[in-house]
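One letter stands for each residue in the lines below.
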Amino acid sequence: MKVLITGGSGFIGSHLAEGLLEEGHEVTVLDNLSTGRLENIRHLESNPKFHIVVGDVLNEFLVDKLVERTDWVFHLAAGVGVQLIVKDPLRSLMTNIRGSEIVLENVYRYHKKVLITSTSEIYGKNTSDALKEDDDRILGSPLKTRWSYSTSKAVDEILAFVYWKEKKVPTVIVRLFNTVGPRQTGHYGMVIPRFVEQALKGQDITVYGTGEQSRCFLYVKDAVWGMTRLMENPEAVGNVFNLGNRHEITMNQLAEKIINLTESSSKIVHIPYDQAYEEGFEDMQRRVPDITKAGKLVGFKPRMDLDDILRMVISEFRRQPASHGISAIDC
Ligand code: UDP
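Remember, it's a predicted structure, so these values are computed and weren't measured experimentally. (Residues numbered from 1 in each chain as written. Predicted model: local features only at pLDDT ≥ 70, side-chain atom pairs only at ≥ 80, totals over all residues. Heavy atoms only, no water.)

Visitor: Help me understand the confidence of the model for the chain, please; the structure alone is not making it clear to me.
Guide: Do not read the predicted coordinates in detail wherever pLDDT is low. Taken over all residues, the pLDDT of the chain has a mean of 94, while the share at 70 or more is 97%. Low confidence marks residues 324–331, where pLDDT is under 50. Its contacts with residues over four positions away, or in another chain, come to 30 contacts. (pLDDT = per-residue confidence, 0-100. Contact = heavy atoms within 4.5 Å.)

Visitor: I would appreciate a short explanation of the site of the ligand in the present structure.
Guide: Around the ligand sit 19 residues in total, of which Arg194, Thr206, Tyr208, Arg215 and Asp283 are the nearest. Protein chains bury 94% of the 520 Å² of accessible surface belonging to the ligand in isolation. Elements supplying a minimum of two residues to the shell around the ligand: helix H6 (191–200) and strand E8 (205–208). Its residues assigned to classes, the shell around the ligand comprises 9 nonpolar, 4 polar and 6 charged. (Near = heavy atom within 4 Å. Areas by Shrake-Rupley, 256 points an atom, 1.4 Å probe, with all protein chains shown as cover. Helix = DSSP H or I, 4+ residues; strand = E, 2+ residues; numbered from the N terminus. Nonpolar A, V, L, I, M, F, W, Y, C, P; charged D, E, K, R; others polar.)

Visitor: What should I look at first to understand the layout of surface pockets in this one?
Guide: To find leftover empty space, one rolls a probe the size of a water molecule over the atoms. Of the volumes computed, that of the second largest pocket is approximately 210 Å³. Lining the second largest pocket, in full, are Ile122, Arg137, Ala154, Glu157, Ile158, Phe161, Val162, Ile173, Arg175, Gly238, Asn239 and Val240. Going through the elements one at a time, helix H5 (146–167), strand E6 (171–176) and strand E11 (239–243) are the ones with two or more residues in the lining of the second largest pocket. Considering each element in turn, the lining of the second largest pocket owes the most residues, 5 residues, to H5. In terms of residue class, the lining of the second largest pocket is built from 7 nonpolar, 2 polar and 3 charged. (1 Å grid on protein atoms, 1.4 Å probe; cavity = no way out; pocket = protein on both sides within 12 Å on 5 of 7 lines; lining within 4 Å. Points joined across faces, edges and corners; volume = space filled by probe spheres on them.)

Visitor: Explain the side chain of Thr206 to me, please; I cannot follow it from the model alone.
Guide: By secondary structure assignment, the location of Thr206 is in strand E8. Judged by relative accessible area, Thr206 falls into the buried class, the value being 14%. A polar contact of 2.9 Å, which involves the side chain of Thr206, links it to the side chain of Gln198. Not counting chain neighbours up to four residues away, the residues in contact with Thr206 comprise Arg194, Phe195, Gln198, Val269 and Ile271. (Buried < 20%, exposed > 50% of the residue type's maximum accessible area, 1.4 Å probe, protein only. Polar contact = N/O pair within 3.5 Å; in protein donor to acceptor, adjacent residues only side chain to side chain.)

Visitor: How do you make sense of the pairing of strand E1 (residues 2–6) when you look at a structure like this?
Guide: Counted residue by residue, E1 has 4 buried out of 5 residues, so it is predominantly covered. Judged from the 5 bridges that link them, E1 and strand E2 (residues 26–31) form a sheet pairing that is parallel. Pairing of Leu4 across the sheet is with Thr28, part of E2. What joins E1 to E2 is helix H1 (residues 11–22), and the crossover it makes is right-handed. (Pairing = 2+ DSSP bridges. Right-handed = clockwise from strand over helix to strand, strands pointing away.)

Visitor: Got a minute to help me understand the environment of Leu306 in this structure?
Guide: The topology assignment puts Leu306 in helix H11 (residues 306–319). Judged by its relative accessible area of 4%, Leu306 falls in the buried class. Along the backbone, Leu306 and Leu131 are 175 residues apart, and their C-alpha atoms lie at a distance of 20 Å. Aside from chain neighbours lying at most four places away, what touches Leu306 is Ile192, Phe217, His247, Ile249, Leu254 and Lys257.

Visitor: What is the right way to read H11 from this model?
Guide: Every α-helix winds through 3.6 residues per turn, so residues three or four apart in the chain are directed the same way. Look at H11: 20 Å from first C-alpha to last across 14 residues, which is about the 20 Å you get at 1.5 Å a residue. Here H11 has its buried residues at Leu306, Ile309, Leu310, Val313, Ile314, Glu316 and Phe317. All buried residues of H11 fall inside an arc of 160° around its axis, so they share one side. Exposed residues pointing more than 90 degrees away from the buried face of H11 are listed as Arg318 and Arg319. At its buried positions, H11 is contacted by strand E7 (179–180), H6, strand E10 (218–219), strand E12 (248–250) and helix H8 (251–262). (Expected span 1.5 Å × (residues − 1). Arc of directions from axis to C-beta.)

Visitor: For this particular structure, what's the right way to read the nonpolar core?
Guide: Generally speaking, nonpolar side chains in soluble globular proteins are found buried as a group. With 57 residues, the main nonpolar core has Ile5, Phe74, Ile192, Phe217, Met227, Leu243 and Leu254 as its most contacted residues. If we skip the residues at most four places from it in the chain, Phe74 touches Val3, Leu4, Ile5, Thr6, Leu16, Leu20, Leu115, Met227, Thr228 and Met231. (Core = buried A, V, L, I, M, F, W, Y, C linked by side-chain atoms within 4.5 Å.)

Visitor: Quick question: what am I supposed to make of unusual backbone geometry here?
Guide: Peptide bonds are trans in most cases, and residues, glycine excluded, mostly fall at negative phi. Here Arg183, not a glycine, exhibits a phi torsion of approximately 85°, which is positive. Here Arg183 shows up in the loop between E7 and H6. Judged by relative accessible area, Arg183 falls into the buried class, the value being 14%.

Visitor: Please explain the packing of H8 against H11 as it appears in this structure.
Guide: A pair of packed helices is captured by two measures, namely the crossing angle of their axes and the spacing between those axes. In the contact formed by H8 and H11, the axes pass within 11 Å of each other and the chain directions differ by 55°. On the basis of their axis angle, the class for H8 and H11 is oblique. Crossing of H8 over H11 shows right-handed handedness. The segment H8 lies against H11, with Leu254, Lys257, Ile258, Leu261 and Thr262 engaging Leu306, Asp307, Leu310, Arg311, Ile314 and Arg318. The residue makeup of the contact of H8 with H11, split by class, is 6 nonpolar, 1 polar and 4 charged. (Axes fitted to C-alpha atoms, helices over the stretch in contact; angles between N-to-C directions. Parallel < 35°, antiparallel > 145°, perpendicular 65-115°, else oblique. Left-handed = near helix turned anticlockwise from the far one by under 90°.)

Rendered as structure tokens:
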């Protein structure tokens, strides 16, 4: 297949590009390099089936040309990371809503197939033991910036679903739960690269809130495997799937685990949310996926456990400390 990956030089996009090339596909990456990095895809450049176009998903002319020449589109270009959304809400919203609209318009125009990446943020403050795809969304006020991300992704999902329902455009939606692994940076607030970097530098580990909030972390290559199998499967069309890991851990436990694995002298400090993000910030206290649906359809099952993921991330930071750092976007 000829595959277009929007946002393909980002953390997840670069792993997806690698996976698709390994399976023999021809891959074109479209990325404006705002959060994506050329280092993520440098090792793919010598592959004759790999192409990179530096450009914006909001450039309608460019997206038109690229979609016309492709079979499948994986749409990943988005403003991601809670810290980025809070600091740069307008641009994130534009990219997420208008960007998806442009991609879908062109997929429709040229009769192509698209996978839209959505997020577990969709569920908002729903703390159920196992969030199912058709569960309710519980959101705070739209004036709290955090919820704008959830809402923008919900608009993307609705658009994709309606294009399928009304126009029979083959769309597949995946909701990625916290996805982690090598190449993820701490620049946009993601917790694992931040804690690992802090631990390796002997700095305080900044746990936000009480640290009793929990998350489940999925290895990026497990996510890529699930996305690819769902894209291939005709029965996935018109449907939405959670992709995540069911192993739950609190941020306090995560910080301790990282201190142990790095043998660091760092101490854990708790920082109030208001200080870490913005006044009135609301966090999700818990976010655990039900992954039965993707499991039944394509055999999706996370294979990498958290300790092994952390060991990989730690050894990557030890090898290339300079390319990850925590940036000016930080509090
Ligand atoms: N977090 C933290 N310290 C940090 C960065 C994040 O305690 O330096 C917390 C954050 O408040 C959230 C969890 O870690 O409760 C996961 O954050 P991340 O941004 O990785 O993903 P989210 O689940 O919020 O999208």
